[in-house]
Amino acid sequence: MSLLASKSSFYATSKSLGALYLFILFGLFLDSFYMLEITKDAQFYANISMFIGFAITFWQVNNRIREQMIYAVVIAILGEYLFSIFLGMYTYRLENVPHYVPPGHALVYVGVLYFSRAASIIKNKHKIEKIFSICILVYATAFLIFGNDVFGFVMTIATLLILRKKPRERLFYLTMYITVAYLEIIGTHYLCWKWPSTAWGVFDFLPSFNPPSGISLFYFLLDLGTLWFYKKRHKIAWSRMKNMRRMRL
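Counting restarts for each chain, with residues numbered from 1 along the sequence as it is written. Totals for whole chains, interfaces and linings use all residues, but because this is a predicted model, local features are given only for residues with pLDDT of at least 70 and pairs of side-chain atoms are given and counted only at 80 or more. Calculation of side-chain values draws on the structure's entire complement of heavy atoms; hydrogens and water are dropped beforehand.

> When you look at the overall build of the chain in this model, what are you seeing that I'm missing?
Helix and strand counts for the chain come out as eleven helices and four strands. Taken over C-alpha atoms, the radius of gyration comes to 18 Å for the chain, in line with the 18 Å a tight globule of 249 residues would show. Each principal axis of the C-alpha atoms in the chain carries an extent, and together these give about 55 × 40 × 35 Å. Residue burial in the chain is summarised as follows: out of 249 residues, 47% are buried. For every accessible area listed, the method is Shrake-Rupley and the probe measures 1.4 Å; residues are considered covered only by the protein chains on display. Accessible surface, the chain: about 13,700 Å² in total, of which carbon and sulfur atoms supply 69%. Asp and Glu count as negative and Lys and Arg as positive, but His and the ends of the chain are not part of the count. Here the site of a charge means atom NZ of a Lys, CZ of an Arg, CG of an Asp or CD of a Glu. In the chain, which carries 26 positive and 12 negative side-chain charges, the distance between the mean positions of the two groups comes to 19 Å. Runs of E in the DSSP output that reach at least two residues are strands. Runs of H or I that reach at least four are helices, and both are numbered from the N terminus. The size measure is the radius of gyration over C-alpha atoms, and the globule rule it meets is 2.2 Å times the number of residues to the 0.38 power. The cut-offs for exposure are 20% and 50% of the maximum accessible area for each residue type, with area from a 1.4 Å probe on protein chains only; residues under the lower value are buried, those over the upper are exposed, and the others partly exposed.

And the structure:
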């Protein structure tokens, strides 16, 4: 059964986000403090797990998504070294950029993309968007109240305000927010990485939690960059698709 064509929202969710969330839980566990009690090579096993997961996904998706996965990895490498190593926005356990992280960004992109494009999900799009928006507001508010997460709350509000005028992209980015929140909670709980107590560890007027709730705003840069590269590489096809969309409207 095709994930995108499936009429079952449960099937579409389990095959996209369900599989992704399980893989995140397992993959980050391999680089966790639990694994360090067993082996010093925890990050090595996490890297191997990621490369296997990436290869399987890369083999199963179509050529268009494969190309976008490659762009996502390249952008993620640049972004990770900029934000983590150069700017010190967050710090990985070994103060490096683990090899599993850039391809991990690509898998997150693909999982969220397939979920948001599934026919059964699109059918209930507006209902899902409302539920996700409420969950996000509750999540960010809880972090603000109990974790003094001003930085995360500001980014969350900025995200929701931006998405008010982006109806076509709204479901994708709301899903990305929730997915990133899940990933960050798992990663910081396992001590795979940590965030400073203020934004970038520099702006004292923006207290932050570990992790900040709205950090998905920075993940959006990767998504936009991936799509931008694809548009530049396929200008004619992209223009044709936009014209067809206008005709349908």
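Picking up after the structure, the text goes on.
> Just to check I follow, could you spell out a nonpolar patch on the surface for this structure?
In this scheme, patches are assembled from residues that exceed 30% relative accessible area and form no salt bridge. Like charges are connected within 9 Å, while nonpolar side chains (Val, Leu, Ile, Met, Phe, Trp, Tyr) are connected within 5 Å. When a carboxyl oxygen of Asp or Glu is within 4 Å of a side-chain nitrogen of Lys or Arg, the pair counts as a salt bridge. A contiguous nonpolar surface patch, about 580 Å² in accessible area, is contributed by Phe 44, Tyr 45, Ile 48, Phe 51, Ile 52 and Ile 56. For Phe 51, the location among the structural elements is in helix 3 (residues 42–60).

> Help me understand the side chain of Ser 216 in this model?
Note that Ser 216 resides in helix 10 (residues 216–233). The class of Ser 216 is buried, set by a relative accessible area of 1%. By definition, residues are in contact when any of their heavy atoms lie within 4.5 Å. Among residues more than four places away in sequence, those in contact with Ser 216 are Met 176, Tyr 177 and Val 180.

The values reported here are purely geometric and, on their own, carry no functional implication.
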